[in-house]
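A structural walkthrough
Now for the letters of each chain:
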Amino acid sequence: MFKKHRTESLKLKLFRFLNTRMELSSKDKQYYLNLEKGFEGEAMFDLLTKKLQTDCLILNDLLLEVNNSKFQIDTLIISQKTISLFDVKNYDDDFYYELGNFYSKSKSEIKNPLDQLKRCESLLRQMLQYHDFKLPIEPWVVFINPEFTLYQAPQNMPIIFPTQINRFLKKLDRMPSTLTGRHIKLADKLVAMHQIESPYPQLPPYAYDQLQKGITCSMCHSFSISVGEKNIVCDECGREEKVESAVLRSVEELKLLFPDWKITTKVVQEWCKVIESKKTIRKILKRNFRAMGYGQWSCYE
């Protein structure tokens, strides 16, 4: 069972908003695309682990700290006798392994995922020892994308290739496992120690005036929106959405990008751009938020 589900990180959401509303530098654009691709790969792995029938606890997307060192865990599966630690990679190209290093087909060296896995395993072991939990850790790098290939890979590396994932999980499912209260206590402890890191220092600089205004399509993120009495329709992909839902989605975007701002009818109307009626905006805000103040000084929380 899932003890901690995976959700899109705030950093990914913010980068997605910025990518839609401004021109990112090539470096920031690539970083954003890597975030999207990484989350996509992790979600693919979640769909597979969701099918496990054995008695286990699945914890996704943990950010932990031990001895002043932070480490990220993509997926952790607690069984009766072992803890399986997974680092999920969504690479989709040809790579080769040589003298302990990973290289792309263009012969440029990339960060060795096994080094990251080793560090994560070591810090997790320290954390378990500190809290007096004695379960062996089995670490694995999972290459989830079926278009990934690694040439010259030694057979003894803790790697699960795309063609091996289903067999690996079936084997895990066949292992006898009966959890106790101590296993549940460990899972609860890890979830309680999960840290939420502020993404704002990692974002490229941006200002309200440089961001494109307007409601975007919830499907393709296009600004080409036609507004009807109750619905909006995307002129690009045909996606239809209730006006109220679209406005609330835009308000949430505004609040995340500018967390210190007060939400007012004027600001929301300017941000949404295509909703001409202030009365419509005010009604939506009143139905979904708590009004503070009166008249032109009113805002919504």
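As shown above, the structure is provided for reference.
Residues numbered from 1 in each chain as written. Predicted model: local features only at pLDDT ≥ 70, side-chain atom pairs only at ≥ 80, totals over all residues. Heavy atoms only, no water.

1. Some words on the overall build of the chain
Of regular secondary structure, the chain possesses eight helices and 15 strands. Projected onto its principal axes, the C-alpha coordinates of the chain cover approximately 65 × 50 × 35 Å. A buried classification covers 44% of the 301 residues belonging to the chain. Across the chain, the fraction of contacts at a sequence separation of at least 24, relative to all contacts at a separation of at least 6, is 60%. Counting only carbon and sulfur atoms, one obtains 50% of the accessible surface of the chain, whose full area is about 17,300 Å². (Helix = DSSP H or I, 4+ residues; strand = E, 2+ residues; numbered from the N terminus. Buried < 20%, exposed > 50% of the residue type's maximum accessible area, 1.4 Å probe, protein only. Contact = heavy atoms within 4.5 Å. Areas by Shrake-Rupley, 256 points an atom, 1.4 Å probe, with all protein chains shown as cover.)

2. Points about the pairing of strand β6 (residues 101-104)
Two strands pair when backbone bridges link them, and strand β5 (residues 94-98) and β6 are joined in this way by four bridges, in the antiparallel orientation. Counted as the bridge partner of Y97 is F102 from β6. The hairpin formed by β5 and β6 contains two residues between the paired strands, and L99 there has a positive phi angle of roughly 50°. Counting the residues between successive antiparallel strands, the hairpin from β6 to strand β7 (residues 109-110) contains four residues, one of them, K107, with a positive phi of roughly 70°. (Pairing = 2+ DSSP bridges.)

3. Describing the nonpolar core
Core analysis: the biggest nonpolar cluster contains 37 residues, and Y206, L211, V247, L257, V268 and L285 have the highest contact counts within it. Looking at which element gives the most residues to this core, the answer is helix α6 (residues 243-257), with seven residues. Setting aside residues up to four positions removed in sequence, Y206 forms contacts with L18, M22, Y200, L211, L257 and F258. Grouped together as the second largest cluster of nonpolar side chains are 34 residues, L59, F133, L179 and L190 included. (Core = buried A, V, L, I, M, F, W, Y, C linked by side-chain atoms within 4.5 Å.)

4. Side note on the pattern of salt bridges
Inspection of every chain in the model, using the stated rule, returns 14 salt bridges. Via salt bridges that share partners, R6, E42 and D46 belong to a single interconnected network. (Salt bridge = Lys/Arg side-chain N within 4 Å of Asp/Glu carboxyl O.)

5. Structural notes on the environment of Y200
Relative to the helices and strands, Y200 resides in the loop between α5 (181-193) and β11 (225-227). Note on Y200: relative accessible area 28%, which makes it partly exposed. With residues up to four places along the chain from it excluded, the contact list for Y200 reads L10, L14, Y206, L256 and P259. Within the local environment of Y200, its side chain forms a polar contact with the backbone oxygen of L256, the two atoms lying 2.5 Å apart. (Polar contact = N/O pair within 3.5 Å; in protein donor to acceptor, adjacent residues only side chain to side chain.)

6. Concerning the packing of α6 against helix α7 (residues 265-272)
A pair of packed helices is captured by two measures, namely the crossing angle of their axes and the spacing between those axes. It is at 10 Å that the axes of α6 and α7 come closest, and there the two elements cross at 105°. By the angle class used here, α6 and α7 are roughly perpendicular. Contacts between α6 and α7 involve V247, S250, V251, E253, L254 and L257 from the first element and V267, V268, W271 and C272 from the second. Of the residues belonging to the contact of α6 with α7, the class tally is eight nonpolar, one polar and one charged. (Axes fitted to C-alpha atoms, helices over the stretch in contact; angles between N-to-C directions. Parallel < 35°, antiparallel > 145°, perpendicular 65-115°, else oblique. Nonpolar A, V, L, I, M, F, W, Y, C, P; charged D, E, K, R; others polar.)

7. So, the packing of aromatic side chains
Throughout the structure, instances matching the rule amount to 18 aromatic pairs. Between Y96 and Y103, the ring centres sit 5.2 Å apart and the planes meet at 20°, which makes this aromatic pair stacked. Residue Y96 is classed as buried on the basis of its relative accessible area of 18%. When its relative accessible area of 15% is taken as the criterion, Y103 is described as buried. Linked through ring pairs, Y91, F95, F143, F148 and F161 together constitute an aromatic cluster. Taking NZ or CZ as reference, K213 lies 4.2 Å from the ring centre of Y208, over its face. (Phe/Tyr/Trp six-rings, centres within 6.5 Å; stacked < 30°, edge-to-face > 60°. Lys NZ or Arg CZ within 6 Å of the ring centre and 35° of its normal.)

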